[in-house]
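Chain by chain, the residues run as shown.
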Amino acid sequence: MRRFAELLETLVLTPSRNGKIRLMVDYFRSVNDPERGLALAAITRELDIPSVKPALLRQLVSVRVDEELFRLSYDYVGDLAETIALIWPVKGGEREGRNDVPTLSEVVAELLAASRREGPALVKGWLDRLDPSGRYALIKLVTGGFRIGVSSRLAKQALAEFGEVPIEEIEELWHGLEPPYESLFAWLEGDAEKPESAALAPFRPVMLSHPVEDADFTRLDPADFAGEWKWDGIRVQATVDQGVKRLYSRTGDDISGAFPDLVDALTFEGTVDGELLIARPLADASGIEIGTFSDLQQRLNRKRLTAKMLKDHPAFMRVYDVLFDGREDVRALSFRERRQRLEKRVKQFDPRRFDLSPLVEFPSWESLAAHRAEPPLPMIEGVMIKRWDAPYLAGRPRGEWFKWKRDPFLIDAVLLYAQRGHGKRSGFYSDYTFGVWREEGSARELVPVGKAYFGFTDEELKKIDRYVRNNTIERFGPVRSVRADAEKGLVLEVAFEGVNRSTRHKSGVAMRFPRISRLRWDKPPSEADTLEAVEALITGPAVDA
Amino acid sequence: MASRFEDLLHPRPEGLYCPPGDFYIDPVRPVERALITHGHADHARPGHSHVMATGQTLDIMAIRYGADHARTTQPAEYGEIIDIGDVSVRFHPAGHVLGSAQIAVEWQGMRIVASGDYKPRPDPTCAAFEPVDCDVFITEATFALPVFRHPEAASEIARLLASLRRNPDRAHMIGAYSLGKAQRVIRLLRDAGYSEPIYIHGALEKLCTYYQSEGIDLGELKPATVANGEKGQFAGAVVLGPPSAFGEAWVRRFPDPLISFASGWMSIRQRARQRGVELPLIISDHADWDELIETIERISPQEVWVTHGREEALVRWCAMNDILARPLHMVGYEDEAD
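Residues numbered from 1 in each chain as written. Chains lettered and ligands numbered in written order. Predicted model: local features only at pLDDT ≥ 70, side-chain atom pairs only at ≥ 80, totals over all residues. Heavy atoms only, no water.

Visitor: What is the right way to look at the overall build of chain A in this model?
Guide: The number of helices and strands found in chain A is 20 helices and 20 strands. Relative to the globule expectation of 24 Å for 545 residues, the C-alpha radius of gyration of chain A, 27 Å, shows essentially globular dimensions. Along the first, second and third principal axes, the C-alpha set of chain A runs to 80 × 70 × 50 Å. Of all 545 residues assigned to chain A, the portion counted as buried reaches 53%. Here the analysis covers contacts within chain A between residues at least 6 apart in sequence; of these, 69% occur between residues at least 24 apart. Of the roughly 25300 Å² of accessible surface on chain A, 48% is carried by carbon and sulfur atoms. (Helix = DSSP H or I, 4+ residues; strand = E, 2+ residues; numbered from the N terminus. Rg over C-alpha atoms; globule rule 2.2 N^0.38 Å. Buried < 20%, exposed > 50% of the residue type's maximum accessible area, 1.4 Å probe, protein only. Contact = heavy atoms within 4.5 Å. Areas by Shrake-Rupley, 256 points an atom, 1.4 Å probe, with all protein chains shown as cover.)

Visitor: What is the right way to look at the interface of chain A and chain B in this model?
Guide: The figure often quoted for interface size is the accessible area lost as the parts come together. Opposite the 40 residues of chain A that make contact, chain B presents 37 residues. Around 3200 Å² of area is buried between chain A and chain B when both sides are counted, 54% of it from carbon and sulfur atoms. In this assembly, chain A and chain B are joined by five salt bridges. With a closest N to O distance of 3.7 Å, Glu-6 of chain A and Arg-166 of chain B form a salt bridge. (Buried area = accessible area lost by both parts, 1.4 Å probe. Salt bridge = Lys/Arg side-chain N within 4 Å of Asp/Glu carboxyl O.)

Visitor: Would you mind going over the side chain of His-201 of chain B with me for this structure?
Guide: Residues and elements named next belong to chain B. Examined against the element boundaries, His-201 turns out to sit in the loop between strand 13 (198-200) and helix 4 (202-213). By relative accessible area, which is 19% here, His-201 ends up buried. Reaching out from His-201, the side chain makes a polar contact with the backbone nitrogen of Ala-203 at a distance of 3.0 Å. (Polar contact = N/O pair within 3.5 Å; in protein donor to acceptor, adjacent residues only side chain to side chain.)

Visitor: Even after reading the chapter, I still don't get the pairing of strand 16 (residues 258-262) of chain B, so can you show me in this structure?
Guide: For a regular strand, side chains alternate in direction, first toward one face of the sheet and then toward the other. Residues and elements named next belong to chain B. By the criterion of burial, strand 16 is predominantly enclosed, with five of the five residues buried. Of the two faces of strand 16, both are covered, the one formed by Leu-258, Ser-260 and Ala-262 as well as the one formed by Ile-259 and Phe-261. Sheet topology places strand 12 (residues 172-175) next to strand 16; four bridges connect them, and they run parallel. What sits directly across from His-172, in strand 16, is Leu-258. Bridging between strand 16 and strand 17 (residues 279-281) involves three bridges; their strand directions are parallel. When the bridges of strand 17 are listed, Phe-261 appears paired with Pro-280. Crossover handedness for the path strand 16 to helix 5 (residues 269-274) to strand 17: right-handed. (Pairing = 2+ DSSP bridges. Right-handed = clockwise from strand over helix to strand, strands pointing away.)

Visitor: How do you make sense of the UniProt feature "domain: Zn-dependent metallo-hydrolase RNA specificity" (unreviewed entry) in chain B when you look at a structure like this?
Guide: UniProt's feature table lists "domain: Zn-dependent metallo-hydrolase RNA specificity" (unreviewed entry) at residues 283-314 of chain B, given in the numbering used throughout. For the annotated span residues 283-314 of chain B, helix accounts for 47% and strand for 22% of the residues, and the straight-line distance between the end C-alpha atoms is 21 Å. (UniProt positions renumbered as here; feature names shortened; annotations may be inferred.)

Visitor: Hey, could you run me through the sheet that holds strand 2 (residues 15-18) of chain B in this one?
Guide: Backbone-to-backbone hydrogen bonds join strands into a sheet, with any given pair of strands oriented parallel or antiparallel. Residues and elements named next belong to chain B. Pairing within the open sheet is mixed, and its six strands lie in the order 1-2-3-4-5-6. One side of each edge strand has no neighbouring strand; the edge strands of this open sheet are strand 1 (10-12) and strand 6 (72-75). Ignoring which end each strand starts from, the neighbouring axes of this sheet average 30° apart. Here strand 3 (residues 23-25) runs beside strand 4 (residues 33-35); their pairing, made up of two bridges, is parallel. Note on strand 4: the bridge partner recorded for Tyr-24 is Ala-34. Packing against the sheet, helix 1 (residues 55-65) makes contact with strand 5 (50-53) and strand 6, and its axis sits at approximately 130° to strand 5. (Axes fitted to C-alpha atoms, helices over the stretch in contact; angles between N-to-C directions.)

Visitor: Would you mind showing me how to read the domain arrangement of chain A here?
Guide: Here the domain parsing of chain A yields domain 1 (2-143), domain 2 (210-405) and domain 3 (409-535). Here domain 2 of chain A and domain 3 of chain A have C-alpha centroids that lie 35 Å from each other. (Domains from an automatic or database assignment.)

Visitor: Sorry, what's going on with the environment of Phe-335 of chain A here?
Guide: All names here are of chain A. Mapped onto the elements, Phe-335 comes out in helix 17 (residues 335-346). A C-alpha to C-alpha distance of 7.8 Å links Phe-335 and Lys-386, two positions 51 residues apart in sequence. Look past the residues within four positions of Phe-335 in its chain and what remains in contact with it is Ala-226, Glu-228, Tyr-320, Asp-321, Lys-386, Arg-387, Trp-388, Asp-389 and Ala-390.

Visitor: Honestly, a positive patch on the surface in this entry has me stumped. Any pointers?
Guide: Together, Lys-462, Lys-463 and Arg-466 of chain A together with Lys-231 of chain B line one region of the surface with positive charge. Secondary-structure assignment places Lys-463 of chain A in helix 19 (residues 458-470). (Patch = residues over 30% accessible without salt bridge, like charges linked within 9 Å, V, L, I, M, F, W, Y side chains within 5 Å. Lys, Arg positive; Asp, Glu negative; His and termini not counted. Charge placed at Lys NZ, Arg CZ, Asp CG, Glu CD.)

Visitor: Honestly, the packing of helix 1 of chain B against helix 4 of chain B in this entry has me stumped. Any pointers?
Guide: Each pair of packed helices gets described by two things: the angle between the helix axes and the distance between those axes. Residues and elements named next belong to chain B. Running from N to C, helix 1 and helix 4 cross one another at 155°; their axes reach a closest spacing of 10 Å. Classified by the angle their axes make, helix 1 and helix 4 are roughly antiparallel. Seen along the crossing, helix 1 lies across helix 4 with a hand that is right-handed. Along the contact surface, helix 1 presents Gly-55, Gln-56, Asp-59, Ile-60, Ile-63 and Arg-64, while helix 4 presents Lys-206, Leu-207 and Tyr-210. In the contact of helix 1 with helix 4, the residues fall into four nonpolar, two polar and three charged. (Parallel < 35°, antiparallel > 145°, perpendicular 65-115°, else oblique. Left-handed = near helix turned anticlockwise from the far one by under 90°. Nonpolar A, V, L, I, M, F, W, Y, C, P; charged D, E, K, R; others polar.)

Visitor: What is the right way to read helix 6 (residues 80-87) of chain A from this model?
Guide: Helical geometry note: an α-helix holds 3.6 residues per turn, so side chains three or four residues apart project in the same direction. Helix 6 of chain A sits mainly inside the fold: eight of its eight residues count as buried. Among all positions of helix 6 of chain A, only Leu-80, Ala-81, Glu-82, Thr-83, Ile-84, Ala-85, Leu-86 and Ile-87 of chain A are buried. Next to the buried residues of helix 6 of chain A lie helix 4 (54-64), helix 5 (67-77) and helix 9 (132-143) of chain A together with helix 5 of chain B. The opening residue of helix 6 of chain A is Asp-79 of chain A, an N-cap whose side-chain oxygen sits 3.2 Å from the backbone nitrogen of Ala-81 of chain A.

Visitor: Please clarify how a nonpolar patch on the surface should be interpreted in this entry.
Guide: Residues and elements named next belong to chain A. A cluster of nonpolar side chains, namely Tyr-453, Phe-454 and Phe-513, defines an oily patch on the protein surface of about 320 Å² accessible area. Counting through the fold element by element, Tyr-453 comes out in the loop between strand 14 (443-452) and helix 19. Residue Tyr-453 is classed as partly exposed on the basis of its relative accessible area of 48%.

Set out below in structure tokens:
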């Protein structure tokens, strides 16, 4: 538990992705089975142990600590798990040098064997034996509140580096494996053969595209390629294997639990690739209406799904490829052949939950460019270009699939706040909050509409940093407020993929994927865009043809 | 809740005032006569007419503000009884930083101890805290919440050394207050067997030199200035600077800087995260919760007066333990400084 607690603590505080991977690789190298496998399961949230309610933990503490002192401490610290971890009074003082610290395996095994009533007593015993960081890890583990800034994708990347194998191989295996993953570690360490994927309905690594480049258009013959709309939803893989149904994200996370409505509607045998969207039936039952990306966001990262949510935001899949047709692996077939099979298959699917992503016909690249410029629906974010004779290949093979995204939206905004960066950007003001003008009558004020921390070169970063330092009007910890009014201010051209309504932001809008596209040193801040102009870009509900 | 003790000492906007002696302790505004507990800027300010403090505190004030920071100065030895009018005062070690003192004030049979900032645990860079028997104990409350239990400083230094081994390519940039904390961290590193040169920001130089002249061996110190093309020599180096320097261009001259901070606040992860600290070192020059209450229990004064910090929690604890306690609501002392 001590090493696990240390891993969590360093992961939380390490800002860089590579740093996190290095920490995990070190951990896998230096810790034995089954401890490391259980840690992996905890990080990837695959560890299924009976949880202990935070209220029960509070009860445990209230026996030992005065309520008022606890309240003052909790007020100050802000996080319940951390407050309990720090405040837990240990009889007999120092923990240092104790050698009866429970292992992660011991904690997991005893929790699994315990009844729900016995859980709190076990936790109490462990809290007594651990130091504050061990207690923090334990509380996070038993309350299931694991937010440590590591995605399961990143953990798999660390496994791939640990074993020097492509990540796709890990992703493909993943769903056939169970904690503590001893066969996986044995293979990655070269002590055993690759484990057989025995589970039904495993994830199949997806095929990804490259952004198309100008040179590609002169090099490639349009006749060799199919065109498709690029949907602004979430890439998913739906699979049914002898009755076992699964919905996976593109990185192989099992997201079936979040979309039971769609999973129930999986009635075929096989594996299809497509885009997850929200679609509501039309009032006259003549078809469906595709929802916006913010409709889709309503369904993501939900702890609890209400009946109302399922009814108002029904999940829908627009399919565009097939990997398994029945029990037959068709990945080696060409896109042309797979598409023919898919067209036949989709006819058997529930039309309220599935449809086929249509092809976009184009005789020339110019004609495709015209389609891209005028998509029929706001939920389209560009076009896909797929080679007719390409097999379905895992990863991002060159020259097979291309994405040609629509041009981003652009606005001119004014820099309002700058925050210091981390890691290689320590000491630089590199995270920028920018705003636009809100006009009410003749009064104008700058309101923040977003935050961006990339899109500029190192050279530009230095210049912005200098500007921030020379024009600071206030400082709050790592944040500086920068002078921004009609006369003086730095105008940033911000590129983004879309705007949603937001109740969380003061301005009422939230941008998707904002980044700095240009520095407009030349532009006076009074000429920056208005909130009205940004609001005009909000895409409303669209009607599907 | 006025008590007769208030005739001897009570808070005023300028600081703690002693009417029978006509002096202030750690005044935040310029006054005629000031008694200073230690050299941190929020306790020791320039511009008083007459200053009494330990010789080391006076030296530190002269280093920081120039020799003319006061019209006259008078050094006080630890343990020496000095009469000011009808009042007699005595300075006792506070264990906070070099030269730090608690000031005991005695008059008409009562004794009040203004402890300033203090820390009971051993510190190789200053004289050890001495509990002083008294009627009223005036205590700070910087870390007066039961969530603050500072670990052994040596174990924190061991974590720093482990990080150096794990990240031999990264400069370890440690934020540490320039008086006391920086020298203590360096001394602790030496005690742990670290013998490489340690690089220090210019703001630390004079005080480090002073500590060394007072017989505290800090080993080889070098200026943390990166000449062109010499960035590489800082890979895996230990670099100390004042926390304020971490927002400056200075940090980025070092190779892949790993930001660390030595402070009692670092026990709270969220704090570390907000400041972008990758390696929090929980090293404090203040008493933690257990030490505050142990000190009060040990001295067992008739009354406890609480100055700056988390007064509420300490007053609550005193009430639960039948000790008369009240907050003084002093302003001007930096809560965050540690």
